[in-house]
Amino acid sequence: MNNTIEKNQPNRRRPRFVGTRWNIKTAPYLFLLPTIIVFCVFMIYPFVSSFFMSFQELEGGKFVYVGLKNYIRLMKDSIFITALKNTTIYLLIQVPIMLVLALVIANMLNQRFLKAKGFFRVSVFLPCVTALVAYALIFKLLLNTEYGLVNYLLTSLGFPKVDWLNGPISAKISLIIALTWRWTGYNTVIMIAGLQRIPEEIYEAADIDGASSFQKFKQITIPLMKPIILFCAITSTIGTLQLFDESYILTHGGPDNATITVVHYLYNMGFRYLKFGYAAAMSYVLLIIVAILSAIQFKISGSDDL
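The shown structure was predicted, so the numbers you read here are calculated from the model rather than taken from an experiment.

The subject of this paragraph is the overall build of the chain. For the chain, the helix and strand inventory stands at 14 helices and four strands. Against the compact-globule benchmark of 19 Å for 306 residues, the chain has a radius of gyration of 27 Å, which places it well outside the compact range. Counting the 306 residues in the chain, one finds 36% classified as buried. Sequence-distant contacts in the chain: of pairs separated by 6 or more residues, those separated by 24 or more amount to 62%. In the form shown here, the chain has an accessible surface area of approximately 19,400 Å², with 68% of it arising from carbon and sulfur atoms. Of the charged side chains in the chain, 27 are positive and 16 negative; the average position of the first set lies 11 Å away from that of the second.

Now for the packing of helix H5 (residues 117-129) against helix H8 (residues 168-195). Between H5 and H8, the shortest axis-to-axis distance is 6 Å and the interhelical angle comes to 130 degrees. Considering the angle they form, H5 stands oblique to H8. Of the two elements, H5 crosses H8, and the hand of that crossing is left-handed. Listed contacts from H8 to Arg121, Val124, Phe125, Pro127 and Cys128 of H5 are Trp181, Arg182, Gly185, Tyr186, Thr188, Val189 and Ile192.

Below, the discussion takes up the nonpolar core. Core analysis: the biggest nonpolar cluster contains 41 residues, and Leu74, Phe80, Met191, Met225, Tyr265 and Met282 have the highest contact counts within it. Contributing elements (two or more residues each) for this core: helix H3 (69-76), helix H4 (78-109), H8, helix H9 (200-208), helix H10 (213-224), helix H11 (226-241), helix H13 (262-272) and helix H14 (276-301). Considering every element that reaches this core, the biggest residue donor is H4, with nine residues. In this structure, methionine 282 is in contact with Leu74, Phe80, Val262, Tyr265, Leu266 and Met269, ignoring residues within four places of it in sequence. The next biggest cluster of nonpolar side chains, apart from the first, holds 12 residues, and it includes Tyr90, Tyr135, Leu165 and Ile176.

Bringing the packing of aromatic side chains into the picture now. According to the stated counting rule, one finds 14 aromatic pairs in the structure shown. Judged by centre distance (5.2 Å) and plane angle (80 degrees), the rings of phenylalanine 51 and phenylalanine 55 are edge-to-face. Residue classification places phenylalanine 51 among the partly exposed positions, given a relative accessible area of 35%. Following the ring pairs from residue to residue traces out a cluster consisting of Phe47, Phe51, Phe52, Phe55, Tyr71 and Tyr284. Its guanidinium or amino end placed over the ring of tyrosine 278, arginine 73 lies 4.0 Å from that ring's centre, counting from NZ or CZ.

Rules and cut-offs
Residues numbered from 1 in each chain as written. Predicted model: local features only at pLDDT ≥ 70, side-chain atom pairs only at ≥ 80, totals over all residues. Heavy atoms only, no water. Helix = DSSP H or I, 4+ residues; strand = E, 2+ residues; numbered from the N terminus. Rg over C-alpha atoms; globule rule 2.2 N^0.38 Å. Buried < 20%, exposed > 50% of the residue type's maximum accessible area, 1.4 Å probe, protein only. Contact = heavy atoms within 4.5 Å. Areas by Shrake-Rupley, 256 points an atom, 1.4 Å probe, with all protein chains shown as cover. Lys, Arg positive; Asp, Glu negative; His and termini not counted. Charge placed at Lys NZ, Arg CZ, Asp CG, Glu CD. Axes fitted to C-alpha atoms, helices over the stretch in contact; angles between N-to-C directions. Parallel < 35°, antiparallel > 145°, perpendicular 65-115°, else oblique. Left-handed = near helix turned anticlockwise from the far one by under 90°. Core = buried A, V, L, I, M, F, W, Y, C linked by side-chain atoms within 4.5 Å. Phe/Tyr/Trp six-rings, centres within 6.5 Å; stacked < 30°, edge-to-face > 60°. Lys NZ or Arg CZ within 6 Å of the ring centre and 35° of its normal.

Structure below.
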């Protein structure tokens, strides 16, 4: 009887996809295939292609292999060296200021007695939602020498006007102020999340021992927030080294390349002067710098997660 039923049942076969059986081992790869294809086309291929392009030069509408010529030229390029110095200044000044502000603000917004925490947290994070071009244009208006609100307030208090965007030092300060305003809230939200993971029992034990607020912040908060601070430091370092919008919109890299960044110079070489090979070489030098600085930050922090 059982044999008769089995014979009458239709022959059920496992579905096939391009000659491959669907099973527990192959199905995940088939589902991931569209994402893998997109990643390879838009990430892996451009990465590899630009690497080979860094050893080439556009001559007569064709790319010609020139070896290490682009990399050697970079070491002698005074504008590139200036751009690298400017980017380093932004990194060494703006990133520490921003991280300290973010940690202090996060600690304040995480206090139990604070009312309307949601409102203050959203207010701090709002600058990050603002489009990069829009906020850069707003700062350009605020820092205008003749009609800007900042100089209006300075003159109202009896101080002289400052040529914010046209002086070699004041223009750098303007970019640092704009960057700090834009990204402090982003790091603050991340640090608030880190602070909320610290057990309240530790602070309660410190209260019993008579520790002050500053002692708790120094001896408990900062050590336990070390991985979060490291994460914010690395992401901020990478973001600062890739700085472009502020330099391009606020100061156009001026005056006399006093505020130009590496990515801004890379953009000029690649898209204004069509020196794609030279721009590609510049991008890989920047990649090496980012990797070295990230490794240094891991080593300084004592992390073994490399």
